[in-house]
Amino acid sequence: MILFWLLAVLLVGTALAVIMAPKPVYSVVALLGHFVALAIVYLSLSAEFIAVTQILVYSGAILVLFLFVIALLSSGNGGITLGPDRLPKIPTPALIALALTLIAIAYGGAHAVRQMLPVAGGGGALPVGAAGAFGSVADFGATLFTVQLLPFELTALLLMVAIIGVVVLAGDHEALTANDPRSLAGLRRLEREAILREGEPLR
């Protein structure tokens, strides 16, 4: 219960930081913390597959998409100012984080218990990850593509609309003229000039 309340406070804090951060990059970092805390909540509920999916899909893919959106929308707004060189300070916190991660993995492996979870339909118990157990891949996939199919498709549609919107907002809105090399007429003109320079007759 203590872990739940700590994660609840962390989730609410990171969610507020996402919408109240002064810079978009800070919002993305807060969103990453929110995703990690939510994955820990899933782990505490014995839904290991959903927790791993939360990290891989949202933290590894959706968050990268947000970063590309920020990079595209902020391109051309001004020059890049160089800050202090923080690269020499990175190894120390990275080694500390690596050591803590290895300690957590070793502790979890040494004290791992084969937990038994109830079957999704009720009655009996199965090992964690077995087909039909709560939080297993089979149970999650069956629910996702049957009962939750509409929200799943709506989420995919929203992501596609977001990508199209970014392309439209970040694209070049200037009309192409015949003298512009990017237009078809401009390409044909450059081709004709190249053929004339080579001394070959026009077709």
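Residues numbered from 1 in each chain as written. Predicted model: local features only at pLDDT ≥ 70, side-chain atom pairs only at ≥ 80, totals over all residues. Heavy atoms only, no water.

Draft legend 1. Quick peek at the overall build of the chain. When its secondary structure is counted, the chain shows seven helices and two strands. Helices (α) and strands (β) of the chain occur, in sequence order from the N terminus, as α-α-α-α-β-β-α-α-α. Within the span of the chain, comprising 203 residues, buried residues form 14% of the whole. The contacts of the chain with a sequence gap of at least 6 include a subset with a gap of at least 24, amounting to 36%. Carbon together with sulfur atoms contributes 73% to the accessible area of the chain, which is approximately 15,300 Å² in total. (Helix = DSSP H or I, 4+ residues; strand = E, 2+ residues; numbered from the N terminus. Buried < 20%, exposed > 50% of the residue type's maximum accessible area, 1.4 Å probe, protein only. Contact = heavy atoms within 4.5 Å. Areas by Shrake-Rupley, 256 points an atom, 1.4 Å probe, with all protein chains shown as cover.)

Draft legend 2. Molecular detail of helix 2 (residues 24-44). Between its first and last C-alpha, helix 2 extends 30 Å over 21 residues, near the 30 Å set by a 1.5 Å rise per residue. For helix 2, the full list of buried residues reads Ser27, Val28, Ala30, Leu31, His34, Phe35, Ala37, Ala39 and Val41. In the segment just after helix 2, Ser46 is the residue with positive phi, at about 65°. (Expected span 1.5 Å × (residues − 1).)

Draft legend 3. Seen up close, the environment of Val64. If you trace the backbone, Val64 turns up in helix 3 (residues 48-73). We classify Val64 as partly exposed; its relative accessible area is 34%. As a C-alpha pair, Val64 and Val28 span 36 residues in sequence and 9.2 Å in three-dimensional space.

Draft legend 4. Spotlight on the confidence of the model for the chain. On average, residues of the chain carry a pLDDT of 75, and 68% of them reach 70 or more. Strand 1 (residues 116-118) is the least confidently modelled element of the chain, averaging 53 in pLDDT, while helix 1 (residues 2-20) averages 89, the highest of any element. (pLDDT = per-residue confidence, 0-100.)

Draft legend 5. Representation of helix 1. Compared with the 27 Å implied by 1.5 Å per residue over 19 residues, the 27 Å span of helix 1 between its first and last C-alpha is a close match. Taken as a whole, helix 1 has its buried residues at Leu7, Leu11 and Thr14. An end-on view of helix 1 places all buried positions within 75° of arc, on one side of the element. Along helix 1, exposed side chains directed more than 90 degrees from the buried face belong to Ile2, Trp5, Leu6, Val9, Val12, Ile19 and Met20. Structurally, helix 1 contributes buried residues whose contacts are with helix 2. (Arc of directions from axis to C-beta.)

Draft legend 6. Main features of the environment of Ala71. Locating Ala71 in the fold gives a position in helix 3. Distance in space between the C-alpha atoms of Ala71 and Val25 is 9.6 Å, their sequence separation being 46 residues.

Draft legend 7. Summary view of a nonpolar patch on the surface. On the surface, a cluster of nonpolar side chains totalling about 660 Å² of accessible area is made up of Leu150, Leu154, Leu157, Met160, Val161, Ile164 and Val168. In this fold, Ile164 is placed in helix 6 (residues 149-170). (Patch = residues over 30% accessible without salt bridge, like charges linked within 9 Å, V, L, I, M, F, W, Y side chains within 5 Å. Salt bridge = Lys/Arg side-chain N within 4 Å of Asp/Glu carboxyl O.)

Draft legend 8. Broad picture of the side chain of Thr14. Take Thr14: it is sitting in helix 1. The exposure class assigned to Thr14 is buried, which follows from its relative accessible area of 11%. Only 3.0 Å separates the side chain of Thr14 from the backbone oxygen of Leu11, close enough to count as a polar contact. Among all residues touching Thr14, those that are not within four sequence positions of it are Ala30, Gly33 and His34. (Polar contact = N/O pair within 3.5 Å; in protein donor to acceptor, adjacent residues only side chain to side chain.)

Draft legend 9. The packing of aromatic side chains, seen in detail. Counted under the stated rule, the structure contains three aromatic pairs. Aromatic pair Phe35 and Tyr58: ring centres 5.4 Å apart, planes at 55°, arrangement tilted. In this pair, Phe35 sits in helix 2 while Tyr58 sits in helix 3, placing the two residues 23 residues apart along the sequence. (Phe/Tyr/Trp six-rings, centres within 6.5 Å; stacked < 30°, edge-to-face > 60°.)

Draft legend 10. Just the packing of helix 1 against helix 2, in detail. Relative orientation of the contacting elements helix 1 and helix 2 amounts to 155°, with a least axis distance of 8 Å. The pairing of helix 1 with helix 2 is recorded here as roughly antiparallel in orientation. Handedness of the crossing formed by helix 1 with helix 2: left-handed. Packed against helix 1, whose contacting residues are Leu3, Leu7, Leu10, Leu11, Thr14, Ala15, Ala17 and Val18, the element helix 2 presents Ser27, Ala30, Leu31, Gly33, His34, Ala37, Leu38, Ile40, Val41 and Ser44 at the interface. Partitioning the contact of helix 1 with helix 2 into residue classes produces 13 nonpolar, five polar and no charged. (Axes fitted to C-alpha atoms, helices over the stretch in contact; angles between N-to-C directions. Parallel < 35°, antiparallel > 145°, perpendicular 65-115°, else oblique. Left-handed = near helix turned anticlockwise from the far one by under 90°. Nonpolar A, V, L, I, M, F, W, Y, C, P; charged D, E, K, R; others polar.)

Draft legend 11. Representation of the environment of Ala37 within the structure. Among the structural elements, Ala37 can be located in helix 2. Assessed through its relative accessible area of 1%, Ala37 is described here as buried. It is 9.1 Å that separates the C-alpha atoms of Ala37 and Thr14, two residues lying 23 residues apart in sequence. With sequence-adjacent residues up to four places away left out, Ala37 is seen in contact with Leu7, Leu10 and Leu11.

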